[in-house]
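As a plain string of letters, each chain reads:
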Amino acid sequence: MGNEIQLISDGDGLAVVGDPAAVDRFLVSEGLPSKDLGLHRLGPVLGAGAAAAQAGSEIAANSGRWVQLTKESAQLVNKHGLMPTKTPGVSHAMVGQPGSIKSWLQFSKGPGSLVGNPAVLAGAAGIMAQLAMQQSMKEITDYLATIDEKVDDVLRAQKDAVFARMIGVGFVIEEAMTIREQRGRVDEVTWSKVQGGPATIAETQAYALRQLDALAGKLESKTSIGDLAKAAREAESKGQEWLTVLARCFQLQDAIAVLELDRVLDASPGELDGHRLGLKVARRNRLELISRCTERLMARMGAAAGTANSKVLLNPMDSPAVVESSNHVSIAIVDFHGRLGIEGAHHSSEARRWADAAMEVTDKALETGAEGVNAAARFGNETLDRAKWATDKLSSLIAERTFGRRGDDEED
């Protein structure tokens, strides 16, 4: 049927496959932006024989578009009730517009369904995983563009040889991605150039995480507000740099994964699905590691702000500075989490709203700090008056005692 399309979801994105006109109508009716899925790249998974030729002709006749899972597209998945398939983590549904009915209704699986060919479905899932990671890479690129000091400037400022190798690895990976875009595949020569990259990237990531842990440790060890303010300022200035390094590491790791999937698709298509699942688990583990480290720093900054707020009268200059640094670090970390997709696909927009609110809190904290300065000044003046009174009183007592002693001596 010309009005029949297939919906495939892997939890990160939604593929819409079918007649080009029907696919376009569906996407327009749902108001969803999309990208080309690249079904033509499934050639290696088809194998040989009549069945493969038939599957190839069906793929060539169809159009495939990929939609990033957002709040709206996730609701679409729920609305059409996608069902699990034999491919782990992948669900499927077939919908259409029969006759004059305008709404899209779910159908039973048709003869041209991708579910009928597990190898093709696994290949489509692999391509969807690549598109999801490329979208994440774009988010990180946008994130780095908003930072005054770009990642290369931060890396070049470091004298450690690890960072020099990191820059070189980035150049090689970007070159491999360019060749992939031009050729549509990753051959053995291209893959051999980037094989050593993951070790250097992991080493750099570990170094950056240790630096963030060190900043959190300094905040935890400080007891005086003055020392706490100094540690908070350091966390504010250095923290953003290390977040930038982590973002670049994650971006390059996603690029390596995209290249890996292309290489497996070309060399060992039967292993594509297992490799896709392995990369997904490894990526989730990296996100959890980064999340734990950055959340620890944010928690320590929050605790420091609480301590500073409780002592603002005695520390009218340093206490507001600690609160301000805490807010800036928290905003940077939440924005960083949103760009990497930590805590859900919609975290980025929520992070920006939270950041605006946090800036309001910062302004109020500064106003409170100013009031604290005035209060402290008043407190200081009162203390000074009392001190002068006590000094005069003490001087009078000393004079009286001295005069009394002299009188006693004269009587003696």
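Scoring rules and cut-offs
- Residues numbered from 1 in each chain as written.
- Predicted model: local features only at pLDDT ≥ 70, side-chain atom pairs only at ≥ 80, totals over all residues.
- Heavy atoms only, no water.
- Helix = DSSP H or I, 4+ residues; strand = E, 2+ residues; numbered from the N terminus.
- Buried < 20%, exposed > 50% of the residue type's maximum accessible area, 1.4 Å probe, protein only.
- Areas by Shrake-Rupley, 256 points an atom, 1.4 Å probe, with all protein chains shown as cover.
- Expected span 1.5 Å × (residues − 1).
- Axes fitted to C-alpha atoms, helices over the stretch in contact; angles between N-to-C directions.
- Parallel < 35°, antiparallel > 145°, perpendicular 65-115°, else oblique.
- Contact = heavy atoms within 4.5 Å.
- Nonpolar A, V, L, I, M, F, W, Y, C, P; charged D, E, K, R; others polar.
- Core = buried A, V, L, I, M, F, W, Y, C linked by side-chain atoms within 4.5 Å.
- Domains from an automatic or database assignment.
- Salt bridge = Lys/Arg side-chain N within 4 Å of Asp/Glu carboxyl O.
- Pairing = 2+ DSSP bridges.
- pLDDT = per-residue confidence, 0-100.
- Polar contact = N/O pair within 3.5 Å; in protein donor to acceptor, adjacent residues only side chain to side chain.
- Left-handed = near helix turned anticlockwise from the far one by under 90°.

(A) Examining the overall build of the chain more closely. Check the secondary structure of the chain and you find 13 helices and seven strands. Scored against the burial criterion, the 412 residues of the chain give a buried share of 44%. Accessible surface, the chain as shown: approximately 20,900 Å² in total, 54% of it carbon and sulfur.

(B) Summary view of helix α12 (residues 318-340). Under the 1.5 Å per step criterion, the end-to-end length of α12 is 33 Å for 23 residues, consistent within 8% with the ideal 33 Å. Taking burial as the measure, the 23 residues of α12 include 18 buried ones, the bulk of the element. Once α12 ends, the next one or two residues include glycine 341, with phi positive near 85°.

(C) Representation of the packing of helix α5 (residues 118-145) against α12. Between α5 and α12, the shortest axis-to-axis distance is 8 Å and the interhelical angle comes to 150°. Here α5 is positioned roughly antiparallel relative to α12, judged by the angle of their axes. Where α5 approaches α12, its residues Ser136, Glu139, Ile140, Asp142 and Tyr143 are matched on the opposing element by Asp335, Phe336, Arg339 and Leu340. Of the residues belonging to the contact of α5 with α12, the class tally is four nonpolar, one polar and four charged.

(D) Just the nonpolar core, in detail. Leu37, Ile173, Leu219 and Leu297 are the most contacted members of the largest nonpolar core, which totals 81 residues. At the level of secondary structure, the elements contributing two or more residues to this core comprise β2 (13-18), α5, α7 (161-183), α8 (188-194), α9 (197-221), α10 (225-267), α11 (272-310) and α12. Top contributing element to this core by residue count: α10, with 22 residues. Both of domain 1 (1-46 + 59-99) and domain 2 (120-125 + 154-346) provide at least three residues apiece to this core. If near-sequence neighbours (up to four positions away) are discounted, leucine 219 is found in contact with Leu228, Ala231, Ala232, Ala235, Leu297, Arg300, Met301 and Ala304. Grouped together as the second largest cluster of nonpolar side chains are 17 residues, Leu7, Val23, Leu32 and Val67 included.

(E) Region of the structure containing the pattern of salt bridges. This model, assessed by the stated rule, comprises 19 salt bridges. Across the pair glutamate 139 and arginine 339 runs a salt bridge whose closest N-O atoms are separated by 3.7 Å. Linking glutamate 139 in helix α5 with arginine 339 in helix α12, this pair joins segments that are 200 residues apart in sequence. The class of arginine 339 is buried, set by a relative accessible area of 12%. Two residues, arginine 339 and aspartate 335, come together in a salt bridge whose shortest N-O distance is 3.5 Å. Placement of the pair is arginine 339 and aspartate 335 together in helix α12, with a separation of four residues, close to one helical turn. One network of salt bridges, in which partners are shared, links Arg41, Arg180, Glu181 and Asp262.

(F) Structural view of the pairing of strand β4 (residues 63-68). Here β2 runs beside β4; their pairing, made up of six bridges, is antiparallel. Considered in β4, the bridge of glycine 13 is made with glutamine 68.

(G) Focus on the pairing of strand β1 (residues 4-9). Among the six residues that make up β1, six are buried, leaving the element largely enclosed by the rest of the structure. With six bridges joining them, β1 and strand β6 (residues 91-96) adopt antiparallel strand pairing. Across the sheet, glutamine 6 pairs through a bridge with methionine 94, a residue of β6. Counted along the chain from β1 to the antiparallel partner β2, the turn is three residues long, and its residue glycine 11 has a positive phi close to 95°.

(H) The confidence of the model for the chain, seen in detail. Confidence in the prediction for the chain averages 79 pLDDT; 72% of positions are at 70 or higher. The least confident element of the chain is helix α13 (residues 347-411), whose mean pLDDT is 46; the most confident is α8, at 94. Within the model, pLDDT remains below 50 along residues 344-357, and this stretch shows 16 contacts once partners closer than five positions in the same chain are excluded.

(I) Here's a closer look at the side chain of threonine 294. Tracing the backbone through its elements, the reader meets threonine 294 in helix α11. For threonine 294, a relative accessible area of 1% gives the class buried. At 3.2 Å, the side chain of threonine 294 forms a polar contact with the backbone oxygen of serine 291. Those residues in contact with threonine 294, other than ones at most four positions away along the chain, are Leu212, Leu243, Ile333, Phe336 and His337.

(J) Molecular detail of the environment of alanine 321. With respect to the helices, strands and loops of the structure, alanine 321 is situated in helix α12. What makes alanine 321 partly exposed here is its relative accessible area of 23%.

(K) The arrangement of the packing of α9 against α10 in detail. Between α9 and α10, the least distance of the axes is 9 Å, while the angle of their chain directions is 160°. The angle between the axes of α9 and α10 places the two elements in the roughly antiparallel class. In the packing of α9 onto α10, the handedness of the crossing is left-handed. Taken together, the residues that form the contact of α9 with α10 break down as 20 nonpolar, five polar and three charged.

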